[in-house]
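One-letter residues, chain by chain:
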Amino acid sequence: MKTYDGVELPSFLYGTAWKKDATKDLVIQAVDAGFTAIDTANQLVHYSEAGVGDALLTLAKKGVTRDKLFLQTKFTSVGGQRGNTPYDANASITAQVQQSFESSLKHLHTDRVDSYVLHGPYYRGGLGPEDWEVWAAIEELHRAKKTRIIGISNVSAHQLAELCAKAKTKPMVVQNRCYAVTGWDHEVRAICAEHRIVYQGFSLLTANPEVLGDPRCHAIAKRVGAGPAQVVFRFAQQVGMLPLTGTTNPQHMKDDLASDRFTLTPEELETVGSMLL
Ligand SMILES: NC(=O)c1ccc[n+]([C@@H]2O[C@H](COP(=O)([O-])OP(=O)(O)OC[C@H]3O[C@@H](n4cnc5c(N)ncnc54)[C@H](OP(=O)(O)O)[C@@H]3O)[C@@H](O)[C@H]2O)c1
């Protein structure tokens, strides 16, 4: 999978939200299981970016050096930090992004990241002046080659279309929660397809318990000799998404990665794609 400007991306991302003190050990386990891409954020309330960094130090000693891994982190605005802001909340927004990015580099013991993502726009309706200031600061990090690609998360179709139309640099990735009831975020994925933006889907399992429990999903799982979770991940990959998993279970880490060992038929893709429509 490649971005529109030719950066190669892995086919699965290991997500590190909500892992707290277990972050370091779980990241090591995930890489041992075969993950090469890690997603985090400089948002202390939900992520331990420093725990990811600790894991990277241990992995480097085992020969898994920085260049062998794809690292993605995020800028989270003051509103998303719940009072525990890892940069000067009174600084200008441009300075906030610069400080947050520098703090991410320190946490991760690196001088660059592979992907830097705006965690979410400031408002629901459209993009406001704050979003444009953040995006310009993120574009500058990309221009300075401190991040290979840039992206946006928790974005609506309307906001993404506006960003694509007006930004100097279009996002290379979008990261959204992906619900089957919206045709698996069909509208946002259509804009991504139009602009050749890589769509990263999260909560593919936790947002879709009805799909995992559906007899049609179980029948497909039986045919391919896998579990329902793997069917959902494989569906995501085959329709062009880059899935995230946040599993804490070593067997599930292997199972999730092994989702690409089977192929769903066009009819099965249609079944899963329209299951809750
Ligand atoms: N941008 C954002 O705002 C945002 C928001 C949320 C998440 N994220 C990112 O996305 C990542 C993933 O989050 P998520 O919501 O998709 O996942 P998640 O909440 O971490 O949950 C994955 C769930 O699926 C289960 N699971 C995974 N593989 C399984 C398998 N093969 N069989 C059965 N159960 C399985 C896990 O249980 P076990 O632990 O028992 O396997 C866990 O309960 C996060 O860590 C974070 O990096 C981003």
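Because the structure is predicted, anything quoted here is derived from the model rather than measured. (Residues numbered from 1 in each chain as written. Predicted model: local features only at pLDDT ≥ 70, side-chain atom pairs only at ≥ 80, totals over all residues. Heavy atoms only, no water.)

The next point concerns the sheet that holds strand β4 (residues 113-118). Ordered by their spatial adjacency, eight strands build a closed barrel running β1-β2-β3-β4-β5-β6-β7-β8, and the pairing between neighbours is parallel. Neighbouring strand axes in the sheet, compared pairwise and without regard to direction, differ in orientation by 30° on average. When strand β2 (residues 37-39) meets strand β3 (residues 70-75), the two strands line up parallel, connected through three bridges. Residue pairing for β3: Ile38 is matched across the bridge by Leu71. (Pairing = 2+ DSSP bridges. Helix = DSSP H or I, 4+ residues; strand = E, 2+ residues; numbered from the N terminus. Axes fitted to C-alpha atoms, helices over the stretch in contact; angles between N-to-C directions.)

Our next topic: the environment of Asp67. Examined against the element boundaries, Asp67 turns out to sit in the loop between α2 (49-61) and β3. Note: C-alpha distance between Asp67 and Tyr199 (132 residues apart in sequence) is 23 Å. At a separation of 2.8 Å, a polar atom in the side chain of Asp67 contacts the side chain of Thr65. (Polar contact = N/O pair within 3.5 Å; in protein donor to acceptor, adjacent residues only side chain to side chain.)

Bringing the packing of aromatic side chains into the picture now. A complete count under the given rule lists six aromatic pairs for this structure. Taking the centre distance of 4.9 Å and the plane angle of 90° together, the rings of Phe101 and Tyr116 count as edge-to-face. Of this pair, Phe101 sits in helix α3 (residues 93-108) while Tyr116 sits in strand β4, and the two are 15 residues apart along the sequence. The exposure classification of Phe101 matches that of Tyr116, with both residues buried. Following the ring pairs from residue to residue traces out a cluster consisting of Phe12, Tyr14, Phe35 and Phe233. Above the ring of Tyr4, the side-chain terminus of Lys170 is found at 5.1 Å from the ring centroid. (Phe/Tyr/Trp six-rings, centres within 6.5 Å; stacked < 30°, edge-to-face > 60°. Buried < 20%, exposed > 50% of the residue type's maximum accessible area, 1.4 Å probe, protein only. Lys NZ or Arg CZ within 6 Å of the ring centre and 35° of its normal.)

Summed over all chains, the structure comprises ten salt bridges. A salt bridge links Lys74 to Asp39, with the shortest nitrogen-to-oxygen separation between them at 2.8 Å. One end of the pair, Lys74, is in strand β3; the other, Asp39, is in strand β2, with 35 residues separating them in the sequence. Classification of Lys74 as buried rests on a relative accessible area of 0%. Classification of Asp39 as buried rests on a relative accessible area of 2%. (Salt bridge = Lys/Arg side-chain N within 4 Å of Asp/Glu carboxyl O.)

Let's shift gears to the side chain of Glu49. Tracing the backbone shows Glu49 in helix α2. In this structure, Glu49 is buried with no salt-bridge partner, the nearest side chain bearing the opposite charge being Lys74 at 8.6 Å. Side chain to side chain, Glu49 and Thr73 meet in a polar contact 2.5 Å long. Here Glu49 is in contact with Thr40, Ala41, Asn42, Thr73, Ser103, Ser104, His107 and Leu108, once residues within four sequence places are set aside. (Lys, Arg positive; Asp, Glu negative; His and termini not counted. Contact = heavy atoms within 4.5 Å.)

This part is about the nonpolar core. Among the nonpolar cores identified, the biggest contains 79 residues, and Leu160, Val174 and Trp184 are the most heavily contacted of them. In contact with Trp184, other than residues within four places in its own chain, are Cys178, Tyr179, Arg189, Leu204, Asn208, Val211, Val232, Phe235, Met241, Val272 and Gly273. (Core = buried A, V, L, I, M, F, W, Y, C linked by side-chain atoms within 4.5 Å.)

Within a regular strand, the side chains alternate between the two sheet faces. In terms of burial, β3 is largely enclosed, as six of its six residues are buried. With burial as the criterion, each face of β3 is covered, one bearing Phe70, Gln72 and Lys74 and the other bearing Leu71, Thr73 and Phe75. Traced from β2 through α2 to β3, the parallel crossover comes out right-handed. (Right-handed = clockwise from strand over helix to strand, strands pointing away.)

Attention shifts here to the site of the ligand. Near the ligand, the surroundings consist of 25 residues, among which Asp39, Ser203, Thr247, His252 and Asp256 are the closest. The contact in question runs from an oxygen atom of the ligand to an N or O atom on the backbone of Gly15, over 3.3 Å. The separation between a nitrogen atom of the ligand and a polar side-chain atom of Asp256 is 2.7 Å. Expressed as a share of its isolated accessible area of 900 Å², the protein-covered part of the ligand is 79%. When contributions to the shell around the ligand are tallied by element, the ones reaching two or more residues are β6 (173-177), β8 (241-245) and α10 (250-257). Residues of the shell around the ligand, tallied by class, amount to seven nonpolar, 14 polar and four charged. (Near = heavy atom within 4 Å. Areas by Shrake-Rupley, 256 points an atom, 1.4 Å probe, with all protein chains shown as cover. Nonpolar A, V, L, I, M, F, W, Y, C, P; charged D, E, K, R; others polar.)

Here the focus is the side chain of Ser100. Within the secondary structure, Ser100 sits in helix α3. The buried category is assigned to Ser100, whose relative accessible area is 0%. Ignoring sequence-local partners within four residues, the contact set of Ser100 consists of Asn42, Phe75, Tyr87 and Tyr116.

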